[in-house]
Amino acid sequence: MAWSRWFDLTSSIVANEAPTTCGVFCIARAESTISYPAGASATVLLGVAPDRQRGLRAILAEIARGTRPDLAVQGQLHGLRFCFQGNLGDAAGGIHKQLLEDFKHTYGAPPCCNESNQ
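Residues numbered from 1 in each chain as written. Predicted model: local features only at pLDDT ≥ 70, side-chain atom pairs only at ≥ 80, totals over all residues. Heavy atoms only, no water.

Enquirer: Would you mind showing me how to read the overall build of the chain here?
Expert: Assigned secondary structure in the chain consists of four helices and six strands. For the chain, the succession of helices and strands along the chain, N to C, is β-α-β-β-β-β-α-α-β-α. In summary, the chain has a C-alpha radius of gyration of 13 Å against a globular reference of 13 Å for 118 residues, a match within 12%. Projected onto its principal axes, the C-alpha positions of the chain cover 35 × 30 × 25 Å. Across the 118 residues that make up the chain, the buried fraction comes to 43%. Counting contacts in the chain only where the partners sit at least 6 residues apart, residues at least 24 apart contribute 75% of the total. Taken as a whole, the chain presents about 6,200 Å² of accessible surface, with 50% of it coming from carbon and sulfur. Charge separation in the chain, taken as the distance between the mean sites of 10 positive and 10 negative side-chain charges, equals 2 Å. (Helix = DSSP H or I, 4+ residues; strand = E, 2+ residues; numbered from the N terminus. Rg over C-alpha atoms; globule rule 2.2 N^0.38 Å. Buried < 20%, exposed > 50% of the residue type's maximum accessible area, 1.4 Å probe, protein only. Contact = heavy atoms within 4.5 Å. Areas by Shrake-Rupley, 256 points an atom, 1.4 Å probe, with all protein chains shown as cover. Lys, Arg positive; Asp, Glu negative; His and termini not counted. Charge placed at Lys NZ, Arg CZ, Asp CG, Glu CD.)

This is the structure we're talking about:
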């Protein structure tokens, strides 16, 4: 499955572009990268919407509204954007776990805003 294109992380864009299905998403800085132990990446969060009742649109809408202080600060300082893989069904949780492991292997640490949720 392929990632969507990048979208600005705003409530209106999330409402228009994010599907209501289960899936995984990436939130990244729009303007700069972060120096992780093994390299630089703009990624700040790899997330999952594994519940059919609260899909990608619901979770990304909450984030866009500023419900997470760590992401709100990132957005204020650097701007944020998101992309997603939707329609994953029950596989979303496993794909999310693999994405996190791959990121840690490549960059030497989880995305900075995943650390607070680990």
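Enquirer: I keep staring at the sheet that holds strand E6 (residues 80-86) and nothing clicks. Help me out?
Expert: Taken together, the four strands give an open sheet; going across it, the order is E1-E6-E2-E5, and neighbouring strands pair in antiparallel fashion. Lying at the two open borders of the sheet, with one neighbouring strand each, are strand E1 (7-8) and strand E5 (43-49). In this fold helix H4 (residues 92-107) packs onto strand E2 (23-29) and E5, with an angle of close to 160 degrees to the strand it touches most, E5. (Pairing = 2+ DSSP bridges. Axes fitted to C-alpha atoms, helices over the stretch in contact; angles between N-to-C directions.)

Enquirer: I keep staring at the pattern of salt bridges and nothing clicks. Help me out?
Expert: Pairs may arise between side chains of opposite charge once their charged atoms sit close together. Applying the stated criterion across every chain yields a total of four salt bridges. Residue Arg-68 is joined to Asp-70 by a salt bridge in which the shortest nitrogen-to-oxygen separation is 2.6 Å. Its relative accessible area of 25% is what places Asp-70 among the partly exposed residues. (Salt bridge = Lys/Arg side-chain N within 4 Å of Asp/Glu carboxyl O.)

Enquirer: Sorry if this is basic, but what is going on with the nonpolar core here?
Expert: Side chains of a nonpolar character, in soluble globular proteins, are inclined to be buried together. Counting residues in hydrophobic clusters, the biggest one holds 32 residues, and the most contacted among them are Phe-25, Ile-27, Leu-60 and Phe-82. For this core, the secondary-structure elements that each account for two or more residues are E2, strand E3 (34-36), E5, helix H2 (56-64), E6 and H4. In terms of residue count, the dominant contributor to this core is H2 (five residues). Here Ile-27 is in contact with Leu-9, Ala-42, Thr-43, Val-44, Leu-45, Leu-60, Ile-63, Leu-71, Leu-80, Arg-81 and Phe-82, once residues within four sequence places are set aside. (Core = buried A, V, L, I, M, F, W, Y, C linked by side-chain atoms within 4.5 Å.)

Enquirer: Sorry if this is basic, but what is going on with helix H3 (residues 69-78) here?
Expert: For an α-helix the count is 3.6 residues per turn, leaving residues at separations of three or four pointing the same way. Those residues of H3 that sit buried are Leu-71, Gln-74 and His-78. The buried residues of H3 occupy an angular sector of 60 degrees when projected down its axis, which confines them to one face. Away from its buried face by more than 90 degrees, H3 exposes Pro-69, Gln-76 and Leu-77. Looking at the packing, one finds that the buried side of H3 touches E2, E5, H2 and E6. Immediately downstream of H3, the backbone of Gly-79 shows phi near 70 degrees, a positive value. (Arc of directions from axis to C-beta.)

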